[in-house]
Amino acid sequence: MEAWRCVRRGYGRCVVGRGRYPMLPHHQKSLGRDWTTPWENLQRCCWNRHISSCMRWPGHYSRVPYPYFSSRHFSLNWRPPCLFESRTPFQYWNWRPDNLSQTSLIHLSSYIMNSEGDEPSSKRRKHQGTIQRHWEYICNHNKDKTKILGDKNVDPKCEDSDNKFDFSVMSYNILSQDLLEDNSHLYRHCRRPVLHWSFRFPNILKEIKHFDADVLCLQEVQEDHYGAEIRPSLESLGYHCEYKMRTGRKPDGCAICFKHSKFSLLSVNPVEFYRRDVPLLDRDNVGLVLLLQPKIPSAASPVICVANTHLLYNPRRGDIKLTQLAMLLAEISSVAHQKDGSFCPIIMCGDFNSVPGSPLYSFIKEGKLNYEGLAIGKVSGQEQSSRGQRILSIPIWPPNLGISQDCVYEVRHLPKVEKTDSDLTQTELDKTEVLVTAEKLSSNLQHHFSLSSVYSHYFPDTGIPEVTTCHSRSAITVDYIFYSAEKEDVARQPGAEVALVGGLKLLARLSLLTEQDLWTVNGLPNENNSSDHLPLLAKFRLEL
């Protein structure tokens, strides 16, 4: 016999007929998506019956249960997995079906076991455990040397100053419950109880309490959960919360929460990426930009711009992703712009649905992108596919969007007789960063922020990628914390019209993990981590 067919449904097929007979008549016990049953039941109902018609299933049906009983499995080189609970010791090296006691329980999983050995497939359910993450402390002794310490118990002596403001920032996609249920195929590896919101939210709140960040940038915050549970819980922890819901049918959005004791709120600036008058922008993603002022005893207290977003997922619509990013950068430019022409320090968090090294990622970090000849399916680097190969148009977005190729709001010259500067509305004055007469068609995008990523995205010793999200389909990095680094640590972009004044120093970051690390605890979500994303966390210092 090669296999049983679909034990979860509790039936098999007879070789001589077309009917079905019950395989697990009684005493079966559900364990999430799996079953256990006394061995004698299986022996009585399956072992001695003709079920050779099931032989076609191994290797052809992705949900066929294991183990597969066949003579080729009973070799000295094969060790069965830990599937049995018996009152007597189990001898692996002399395993035969008749060695099982009548009181043994056999575990029937709904996932595949590698029949060539005891190595499970990467996404087979594993034992449960806890993820071990530690702080990596970073001291910038000079612009060419960065020291990372792995000892979580030692706080290195970074450059100290009496005039400084230290704070921490968390970016966390907490996985909307509605999206989880709409995309349940991504979580087949999970036990059902860990997917319930009543189980997930206490875990998420526990993480937030544990890390105790001064600023929270949350994505996929479901509106009803935000009003009933998330906001009240965070306010009880001393946070002030601002929220922007998506504009379409999906009832989730982005939230930025900050501690009353650390910051004062100066302005709230939501960004809607849907534009009725621009056919390209027919998606309901949003962003949120806050201007915060540290609470410090200083006459000239600086300000910090914090942005949060969740860009479009679709890997084949890089044109929409780039346009959404340009809109967010334009709003950041408007909010962070200071009277002397410089920008205040900027922190930009979110789920950008783009991988490290992709054109979109490079544009954020390098401040420029020539997209001539670039296929829309290659912008985010999420997948290597023959689909989405249409070349980006030049320009990507139409002029009526009101955003220049420098990713700032533009105001065109108006006839002098018809309108003067005094006739401009306050909104137009607030969003005036560049004056454009006639912009040539160009495939060059740029922005004037010197942004760095908190994470390096690869482990330096092995070169193995870090991951921020892990489910049944993929394990990659799509979440980021970008920040405007100190001026001496960042090379000025040639031709930049404006400069950053007063950058941030990265003090520490919470370590990320590899895909293999995450699958040792059954991927995400699991019993201890209740989102399919990991929280990102960084500590910054602002020199005053």
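Our structure is the block above this text.
For clarity, every value in this text was computed on a predicted model and none was experimentally measured. (Residues numbered from 1 in each chain as written. Predicted model: local features only at pLDDT ≥ 70, side-chain atom pairs only at ≥ 80, totals over all residues. Heavy atoms only, no water.)

### With respect to the overall build of the protein
And step 1. Tallying secondary structure elements over the protein gives eight helices and 26 strands in all.
And step 2. For the protein, the residues scored as buried account for 53% of the 544 residues in total.
And step 3. The long-range share in the protein, meaning contacts at least 24 apart out of those at least 6 apart in sequence, stands at 70%.
And step 4. Accessible area for the protein stands at about 25900 Å²; split by element, carbon and sulfur atoms hold 50% of it. (Helix = DSSP H or I, 4+ residues; strand = E, 2+ residues; numbered from the N terminus. Buried < 20%, exposed > 50% of the residue type's maximum accessible area, 1.4 Å probe, protein only. Contact = heavy atoms within 4.5 Å. Areas by Shrake-Rupley, 256 points an atom, 1.4 Å probe, with all protein chains shown as cover.)

### Considering the nonpolar core
And step 1. Counting residues in each nonpolar core, the largest one holds 64 residues, and the members touching the most others are F167, V215, L216, L234, I347 and F540.
And step 2. A per-element tally of this core places helix α3 (residues 197-211) first, with six residues.
And step 3. Apart from residues no more than four positions distant in its own chain, V215 is found in contact with S168, V169, M170, I256, C257, F258, F263, L292 and V306.
And step 4. Ranked by size, the runner-up nonpolar core spans 49 residues in total, among them V271, L328, V379 and I403. (Core = buried A, V, L, I, M, F, W, Y, C linked by side-chain atoms within 4.5 Å.)

### Things to note about the packing of aromatic side chains
And step 1. Considering all chains together, one arrives at 13 aromatic pairs under this definition.
And step 2. Note on Y361 and Y480: the rings are 5.4 Å apart at their centroids and 40° apart in plane angle, and the pair reads as tilted. Note that Y361 is positioned in helix α6 (residues 359-366) and Y480 in strand β24 (residues 479-484), a separation of 119 residues in sequence.
And step 3. Residue classification places Y361 among the buried residues on the basis of a relative accessible area of 8%.
And step 4. Residue classification places Y480 among the buried positions, given a relative accessible area of 2%.
And step 5. Here the aromatic residues F165, F167, F263, Y483 and F540 are joined through ring pairs into a cluster of three or more. (Phe/Tyr/Trp six-rings, centres within 6.5 Å; stacked < 30°, edge-to-face > 60°.)

### Some thoughts on the sheet that holds strand β14 (residues 286-294)
Within a beta sheet, neighbouring strands are joined by backbone hydrogen bonds and run either parallel or antiparallel to one another.
And step 1. Taken together, six strands build an open sheet; the order of strands is β13-β14-β15-β16-β24-β21 and the sheet is mixed. Across the chains shown, the open sheet's two edge strands, defined by having one partner strand only, are β13 (263-272) and β21 (451-453). Strand-to-strand twist across the sheet, computed as the mean angle between neighbouring axes with direction ignored, equals 20°.
And step 2. Pairing geometry for β14 and strand β15 (residues 304-310), over six bridges, is antiparallel. The residue bridging G287 from the neighbouring strand is T309, located in β15. (Pairing = 2+ DSSP bridges. Axes fitted to C-alpha atoms, helices over the stretch in contact; angles between N-to-C directions.)

### Quick notes on the side chain of N308
And step 1. Following the sequence through the fold, N308 ends up in strand β15.
And step 2. The contact partners of N308, leaving out residues within four places of it in the chain, are C217, L218, Q219, C254, A255, I256, G287, L288, C349 and G350.

### Focus: the layout of surface pockets
And step 1. Taken as a whole, the largest pocket spans an internal volume of roughly 990 Å³.
And step 2. Counting residues per element, the lining of the largest pocket draws most heavily on strand β12 (residues 252-259), at three residues.
And step 3. Of the residues assigned to the lining of the largest pocket, the class counts are twelve nonpolar, 13 polar and twelve charged. (1 Å grid on protein atoms, 1.4 Å probe; cavity = no way out; pocket = protein on both sides within 12 Å on 5 of 7 lines; lining within 4 Å. Points joined across faces, edges and corners; volume = space filled by probe spheres on them. Nonpolar A, V, L, I, M, F, W, Y, C, P; charged D, E, K, R; others polar.)

### Quick notes on the environment of D479
And step 1. Note that D479 resides in strand β24.
And step 2. Take D479: its relative accessible area is 3%, and that puts it in the buried class.
And step 3. Each C-alpha atom of the pair D479 and N353 lies 7.3 Å from the other, and the pair is 126 residues apart in sequence.
And step 4. Among residues more than four places away in sequence, those in contact with D479 are N173, Q219, G350, D351, T468, T469, H533 and L536.

### Observations regarding helix α4 (residues 223-236)
And step 1. In a regular helix each residue adds 1.5 Å, so 14 residues correspond to 20 Å; α4 covers 18 Å between its end C-alpha atoms and thus fits that length.
And step 2. Its axis deflected by about 40° at I230, α4 carries its strongest bend there, up to four residues before the proline P232.
And step 3. Considered for burial, the residues of α4 that qualify are H225, Y226, I230, S233 and L234.
And step 4. Against α2 (177-182), α3, β10 (215-222), β11 (239-245) and β12 lie the buried residues of α4. (Expected span 1.5 Å × (residues − 1). Bend = angle between axes of the 7 residues up to and from the residue.)

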